[in-house]
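The chain contents come next:
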Amino acid sequence: METFEPFLQATNILNWRNADVFKLAQSLAVGTPVETAQRCFEWVRDEIKHSMEFRLNPVTCSASEVLAAGTGFCYAKSHLLAALLRANQIPAGLCYQRLRLDGEDSPFCLHGLNAVYLTEFGWYRIDARGNKSTVNTQFVPPMEQLAFSLDNPGETLFPTIFADPLPEIVTALHTYPTYDQLADNLPDRQPE
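So, here's what we can say about the structure. Note that the coordinates shown come from a computational prediction; the quantities given were computed from them, not determined experimentally.

**Quick look at the overall build of the chain**
Inference 1: When helices and strands are tallied, the chain shows seven helices and eight strands.
Inference 2: Expected size for 192 residues packed as a compact globule is a radius of gyration near 16 Å; at 15 Å, the chain falls within 12% of this value.
Inference 3: Here the C-alpha coordinates of the chain stretch approximately 45 × 30 × 30 Å along the principal axes.
Inference 4: Split into buried and exposed, the 192 residues of the chain put 49% on the buried side.
Inference 5: Summarising the internal contacts of the chain: among those between residues at least 6 apart in sequence, 61% fall at separations of at least 24.
Inference 6: Here the chain carries 14 positive and 23 negative side-chain charges, and the mean point of each set is 4 Å from the other.

Now the structure itself:
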């Protein structure tokens, strides 16, 4: 039997016990867990600006930092979404894709997204990165509509759902203080 406890915990990064994060989570709780999960997803996707896309500083990491600054890279946005879901007692984890952002000759980097456990559907991946003309993420279970397809050789979706962020993600978010520095040093990792 699967245990969801690790996917409900508050941590230093997924800090849903922070007063502002918890207050927002409660304001988004409506109806069923599926409806609450969709509201949390859409709020983070639409209200938190993607740091690189909007050229915004500071680089944020914890859920409370993302909420306070109103911006974050995909990884940081996934931290806030996981915290909002967990605050509403909805199991949530972190997922990663290994992508080439500029075609098959470009270097690999990780992209961060989430998985949420919905009783009706099981684990369901969602991507609150933020929409634009070439990205259209939606919450339409059981169909997953993520930001990026795997089009280039070597790209992959990690099969593991992580309870905590990968260490190389946290290190990168804490090492590079500006969006352009992080954009030039996006973290990477081989899948397990």
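Resuming the write-up.
**Focus on the pattern of salt bridges**
For side chains of opposite charge, pairing can occur when their charged atoms come near one another.
Inference 1: A full pass over the atoms with the stated rule returns six salt bridges.
Inference 2: R98 is the partner of D188 in a salt bridge, and the nearest nitrogen-oxygen pair spans 2.7 Å. Of the two residues, D188 is situated in the segment after α7 (179–183) and R98 in strand β3 (residues 92–100); the sequence distance between them amounts to 90 residues.
Inference 3: Taking the relative accessible area as the measure of exposure, D188 reaches 32% and is therefore partly exposed.

**Overview of the packing of aromatic side chains**
To describe a pair of aromatic rings, one takes the distance between the centres and the angle between the planes.
Inference 1: Evaluation of the coordinates by the stated rule reveals eight aromatic pairs.
Inference 2: Arranged with centres 5.5 Å apart and planes meeting at 75 degrees, the rings of Y117 and W123 form a pair that is edge-to-face.
Inference 3: Three or more aromatic residues joined by ring pairs make a cluster, and in this case those are F4, F7, Y117 and W123.
Inference 4: Above the ring of F54, the side-chain terminus of K49 is found at 5.7 Å from the ring centroid.
Inference 5: A cation over an aromatic ring shows up here: R98 above the ring of F108, its NZ or CZ 3.9 Å from the ring centre.

**With respect to the state of the cysteines**
Inference 1: This model, assessed by the stated rule, comprises zero disulfides.
Inference 2: Here C74 is not disulfide-linked; the sulfur of C109 is the nearest cysteine sulfur, at 7.8 Å.
Inference 3: Under the relative-accessibility criterion, C74 is labelled buried at 7%.

**Some remarks on the sheet that holds strand β8 (residues 156–157)**
Inference 1: Read across the open sheet, the four strands follow the order β5-β4-β3-β8; overall the sheet is antiparallel. Looking at which strands have only one partner, the edges of the open sheet turn out to be β5 (122–126) and β8.
Inference 2: Two elements, strand β4 (residues 108–118) and β5, share five bridges in a ladder whose sense is antiparallel. Within β5, the residue paired with N114 across the bridge is I126.
Inference 3: Across the face of the sheet, helix α5 (residues 74–87) comes into contact with β3, β4 and β5 while running at roughly 10 degrees to β4.

Conventions adopted
Residues numbered from 1 in each chain as written. Predicted model: local features only at pLDDT ≥ 70, side-chain atom pairs only at ≥ 80, totals over all residues. Heavy atoms only, no water. Helix = DSSP H or I, 4+ residues; strand = E, 2+ residues; numbered from the N terminus. Rg over C-alpha atoms; globule rule 2.2 N^0.38 Å. Buried < 20%, exposed > 50% of the residue type's maximum accessible area, 1.4 Å probe, protein only. Contact = heavy atoms within 4.5 Å. Lys, Arg positive; Asp, Glu negative; His and termini not counted. Charge placed at Lys NZ, Arg CZ, Asp CG, Glu CD. Salt bridge = Lys/Arg side-chain N within 4 Å of Asp/Glu carboxyl O. Phe/Tyr/Trp six-rings, centres within 6.5 Å; stacked < 30°, edge-to-face > 60°. Lys NZ or Arg CZ within 6 Å of the ring centre and 35° of its normal. Disulfide = S-S within 2.5 Å. Pairing = 2+ DSSP bridges. Axes fitted to C-alpha atoms, helices over the stretch in contact; angles between N-to-C directions.

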